[in-house]
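Here are the chains, one letter per residue:
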Amino acid sequence: MRLTPDDRLDLLRRARAVLDANWRGSFTVPALRQYPYQWSWDSAFIAVGYSRFDQHRAEEELRALFAAQWSDGRVPHIVFHEADPAAPYFPGPAFWQIERSPHAPSSHHTTGIVQPPVHATAVLHTYRHAPDPSRALGYVAELFPKLSAWHDFLYRERDPHGEGLVYICHPWESGQDNSPLWDPVLTRMALRPEQIPPYQRADTRAVDPAERPLDADYDCYIFLVDFFRQRNYDEGRIYREGCPFLVQDVLFNTLLCRAEQDMAELAELIGADPEPFKARAARTASAIDAKLWDESRRLYVDYDLAARMPVPVPALAGFTPLFAGIPDAARAERMLAYLGSPAFGLSTGEERSGFPASSYDRFAPDYSPRRYWRGPVWIQMNWLLMHGLQAYGYDEHASALRSAIIDLPRVGDFREYFNPETGAGYGAEVFSWTAALLIDVLYGEQTV
Ligand code: GLC
């Protein structure tokens, strides 16, 4: 779709209005109705957008998140800064009961699980685009030890065999909550009704249930939270006492690897030693490349640590190792033959139809253009892959993803996710990272 200078200004104005609507004074909610608190990886992407026009907010965003960091280094996936009775959320603080852990903060209500570690990457981005670099350097120095403790937590608590790969223990930790990636693992859990604590969903109040996870999946989510709280969020116990969901996830490990690479750069900026970060990044990169690559499917796949088997599901996330420079050129070429095909809507030329990139192979039997993470396009996935493809020199594919980041909000509004065939918007409305990453891309075009 053609973008005139006036269209560009109008889009920027609308995107900023989304962020203004969701800004709560020191952080930004993903969407007021559906997600009325602070989410961990959302805030990182939101800071990326702010870094282009509001350094103060970019810094405040992650400062507010890290204010709720646990004493063991974990960064919680949600911070319940303020209870909003008009937007009841489940599971809320009363269900998580984080006070059972000696590491939980007493100053904040939070959840006890995590989300992908994209924060160091956001801090580096904020530094690079700061109008006032000396102030931004102070911000880097302030966040650096917190980011370091966060990554230490992951490697210490989530890598029991010292492989350089960390596991996630809940689908919500992946950021791809309802992905078909989790189906084999959740099915294997085969829960009995008495194992599931009583609860009432709140997520289908504001959004059409057809765009949300099924009740059976939700039972598993809630069972797992109950499993963690019964063990006081003690990571060692959760692992040893048979947590049924332990997955070495491609996206999570890729983002950790990239975040470690970015930590090395942050370390150099403030005169700290970059070497330990470079070494950890290299180790994680080799482990992803060796253990998670699926030669016949031409993408990286997750590994189910509890069942000791790969999870051979063709999810878009399987291509994200491009974002951390993990595959060599030959492997990247093999990946592109699949990623750049109609399966993900990213083919170039005549074959192109709809909008890239579908979050799941469009030819998989259970693909759905509408249901959460089972086909729809997500703007943050496009942003990650756009950068990855650009770094490997696949300019045409990168530019198709960039165009989709700009066009989808024009066709489907600032929604949470989009139909890859029509561009229709689904899920939460007035959604923050859709706006933030659009802003980043529009500003990026000016400076390229
Ligand atoms: C959904 C997404 C997750 C995101 C959250 C808040 O749960 O799957 O990635 O962080 O919404 O936007």
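Every chain's residues receive numbers from 1 upward, in the order its sequence appears when written. Reporting of local features is limited, given that this is a predicted model, to residues whose pLDDT is at least 70; pairs of side-chain atoms are given and counted only at 80 or more, and all residues count toward the totals for whole chains, interfaces and linings. Values reported for side chains reflect all heavy atoms of the structure, with hydrogen atoms and water molecules removed beforehand.

*Asks:* I would appreciate a short explanation of the pattern of salt bridges in the present structure.
*Replies:* Once the charged atoms of two side chains with opposite charge are near each other, the side chains can pair. When a carboxyl oxygen of Asp or Glu lies within 4 Å of a side-chain nitrogen of Lys or Arg, that pair is called a salt bridge. Overall, the coordinates contain 35 salt bridges when judged by the stated rule. In this structure, aspartate 294 and arginine 297 form a salt bridge, with 3.0 Å as the shortest nitrogen-oxygen distance. Categorising residues by exposure relies on relative accessible area from a 1.4 Å probe, with only protein chains included: less than 20% of the type maximum marks a residue as buried, more than 50% marks it as exposed, and the intermediate range marks it as partly exposed. For aspartate 294, a relative accessible area of 12% gives the class buried. Residue arginine 297 is classed as partly exposed on the basis of its relative accessible area of 36%. Between arginine 334 and glutamate 295 there is a salt bridge, with the nearest N and O atoms lying 3.0 Å from each other.

*Asks:* Looking at this structure, I do not really get the sheet that holds strand β1 (residues 38–39). What am I missing?
*Replies:* Remark on secondary structure: sheet strands pair via backbone hydrogen bonds, oriented parallel or antiparallel. Two strands are said to pair when DSSP picks up at least two bridges between them. A run of H or I in DSSP counts as a helix once it spans at least four residues, and a run of E counts as a strand once it spans at least two, with each numbered from the N terminus. Taken in spatial order, the 3 strands make up an open sheet running β1-β2-β3, and their pairing is antiparallel. Looking at strand neighbours, the two that pair on one side only are β1 and β3 (109–110), the edges of this open sheet. Bridge count for strand β2 (residues 78–80) against β3 is 2 bridges, and the pairing is antiparallel. Within β3, the position partnered with phenylalanine 80 by the bridge is histidine 109.

*Asks:* Mind showing me how you'd approach the sheet that holds strand β7 (residues 302–304) here?
*Replies:* Spatially, the 3 strands line up as an open sheet ordered β4-β7-β8, and their pairing is antiparallel. Sheet topology places β4 (247–248) and β8 (309–311) at the edges, where each strand pairs with a single neighbour. Relative to β7, β4 runs antiparallel, the two being bridged by 2 bridges. Note that in β7 the partner of valine 247 across the bridge is aspartate 304.

*Asks:* Looking at this structure, I do not really get the site of the ligand. What am I missing?
*Replies:* One heavy atom within 4 Å of a molecule or strand is enough for the residue carrying it to be called near that molecule or strand. Around the ligand, the structure places 13 residues, and the nearest of them are Asp42, Gln115, Gly175, Asp177 and Tyr372. A distance of 2.5 Å separates an oxygen atom of the ligand from a polar side-chain atom of aspartate 42. Pairs of N or O atoms within 3.5 Å make up the polar contacts considered here, provided that, within protein, one atom can donate a hydrogen while the other can accept it, and that residues adjacent in sequence are counted only when both atoms are side-chain atoms. Contact between the ligand and tryptophan 373: an oxygen atom at 3.0 Å from a side-chain N or O atom of the residue. When isolated, the ligand has an accessible area of 310 Å², and the protein chains bury 98% of it. Computed by Shrake-Rupley with a 1.4 Å probe, the accessible areas treat only the displayed protein chains as cover when residues are assessed.

*Asks:* I keep staring at the packing of aromatic side chains and nothing clicks. Help me out?
*Replies:* In this description, a pair of aromatic rings is defined by centroid distance and the angle of the planes. Side-chain rings of Phe, Tyr and Trp, where Trp is taken by its six-membered ring, are said to pair if the distance between their centres is within 6.5 Å; with planes under 30 degrees apart they count as stacked, over 60 as edge-to-face, and otherwise as tilted. Under the counting rule described, the total for this entry stands at 38 aromatic pairs. Ring centres 5.7 Å apart and planes at 20° place the aromatic pair tyrosine 167 and tyrosine 239 in the stacked group. Of this pair, tyrosine 167 sits in the loop between α6 (133–157) and α7 (171–174) while tyrosine 239 sits in helix α10 (residues 235–240), placing them 72 residues apart in sequence. Where tyrosine 338 meets phenylalanine 344, the ring centres are 5.1 Å apart and the plane angle is 75°; that geometry is what we call edge-to-face. Residue classification places phenylalanine 344 among the buried positions, given a relative accessible area of 0%. Definition used: whenever NZ (Lys) or CZ (Arg) falls within 6 Å of the ring centre and also within 35 degrees of the ring normal, the charge is taken to sit over that ring. Here arginine 231 stacks its cationic end above the ring of phenylalanine 227, 3.7 Å away from the centre of that ring.

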